Amino acid sequence: MYEVFGRDNPLGILGPHNIAAADLDGENGPDLAVSNRDHNSVSVFLNKGDGTFNPPLSFSAPDAPTRVIAADLDGIDGPDLATINFFDSVGVLLNKGHRQS
């Protein structure tokens, strides 16, 4: 078993701090979003629908995101992501409503 959030990190996620689950792409059930404080990013793992996830998609999130929250912030295209950042700021990643390959 891999210790994903400890020293042994086979997924290459840097500084994972928090996780949120929501159906971000409208397919196959809940996906995972992980805030990566040390890498200033959010990693999104899209659900394959068979109990596994695709490799992470990485999105820039400045100011060391320590928390990630999934909610439909703009009322279109499903859940968006908001980050609460280490340097007293908030970031927003709006869902564009289409799946990335």
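As the structure is a computational prediction, the values presented were derived from the model and not from experiment.

Overview of the side chain of T66
Thinking step 1. Among the secondary structure elements, T66 is positioned in strand β5 (residues 65-71).
Thinking step 2. The class of T66 is buried, set by a relative accessible area of 12%.

Here we look at the sheet that holds strand β4 (residues 57-60)
Thinking step 1. Strand order in the open sheet formed by four strands is β1-β2-β3-β4, with antiparallel pairing between adjacent strands. Either end of the sheet is taken by a strand with one partner, and the two such strands are β1 (16-22) and β4. Going from strand to strand, the sheet's axes swing by 25 degrees on average, the running direction of each strand aside.

Quick word on the environment of F87
Thinking step 1. Along the chain, F87 falls in the loop between β6 (80-85) and β7 (89-93).
Thinking step 2. Under the relative-accessibility criterion, F87 is labelled exposed at 55%.
Thinking step 3. Sequence separation between F87 and P62 is 25 residues; the distance between their C-alpha atoms is 9.4 Å.
Thinking step 4. In contact with F87, not counting residues within four places along its chain, are D63 and A64.

Some thoughts on a nonpolar patch on the surface
Thinking step 1. On the surface, L73, V90, V92 and L94 cluster together into a nonpolar patch covering about 390 Å² of accessible area.
Thinking step 2. Note that V90 resides in strand β7.
Thinking step 3. Classification of V90 as exposed rests on a relative accessible area of 64%.

Description of the packing of aromatic side chains
Thinking step 1. Applying the stated criterion across every chain yields a total of one aromatic pair.
Thinking step 2. When the ring of F86 is compared with that of F87, the centres are 5.1 Å apart and the planes differ by 90 degrees; the resulting orientation is edge-to-face. By the burial criterion, F86 is exposed, and F87 matches it.

Considering the side chain of D31
Thinking step 1. With respect to the helices and strands, the residue D31 is situated in strand β2 (residues 31-36).
Thinking step 2. D31 sits in the buried class, given a relative accessible area of 0%.
Thinking step 3. Non-local contacts of D31, meaning those with residues more than four positions away in its chain, are made with A20, A21, A22, D23, L24, D25, F45, L46, N47 and F53.

What about the nonpolar core?
Thinking step 1. The biggest cluster of nonpolar side chains holds eleven residues, and these are A20, A22, L24, A33, V42, V44, L46, L57, A61, V68 and L81.
Thinking step 2. Elements represented by at least two residues in this core include exactly β1 and β3 (41-45).
Thinking step 3. Setting aside anything within four residues of it in sequence, one finds V68 in contact with N18, I19, A20, A33, V34, S35, V42, L81, A82 and T83.

Structural notes on the confidence of the model for the chain
Thinking step 1. On average, residues of the chain score 85 in pLDDT, and 82% of them are at 70 or above.
Thinking step 2. The model gives residues 1-7 a pLDDT under 50, and that stretch makes eight contacts with residues more than four places away or in other chains.

Here is what the cut-offs are and how they apply
Residues numbered from 1 in each chain as written. Predicted model: local features only at pLDDT ≥ 70, side-chain atom pairs only at ≥ 80, totals over all residues. Heavy atoms only, no water. Helix = DSSP H or I, 4+ residues; strand = E, 2+ residues; numbered from the N terminus. Buried < 20%, exposed > 50% of the residue type's maximum accessible area, 1.4 Å probe, protein only. Pairing = 2+ DSSP bridges. Axes fitted to C-alpha atoms, helices over the stretch in contact; angles between N-to-C directions. Contact = heavy atoms within 4.5 Å. Patch = residues over 30% accessible without salt bridge, like charges linked within 9 Å, V, L, I, M, F, W, Y side chains within 5 Å. Areas by Shrake-Rupley, 256 points an atom, 1.4 Å probe, with all protein chains shown as cover. Salt bridge = Lys/Arg side-chain N within 4 Å of Asp/Glu carboxyl O. Phe/Tyr/Trp six-rings, centres within 6.5 Å; stacked < 30°, edge-to-face > 60°. Core = buried A, V, L, I, M, F, W, Y, C linked by side-chain atoms within 4.5 Å. pLDDT = per-residue confidence, 0-100.

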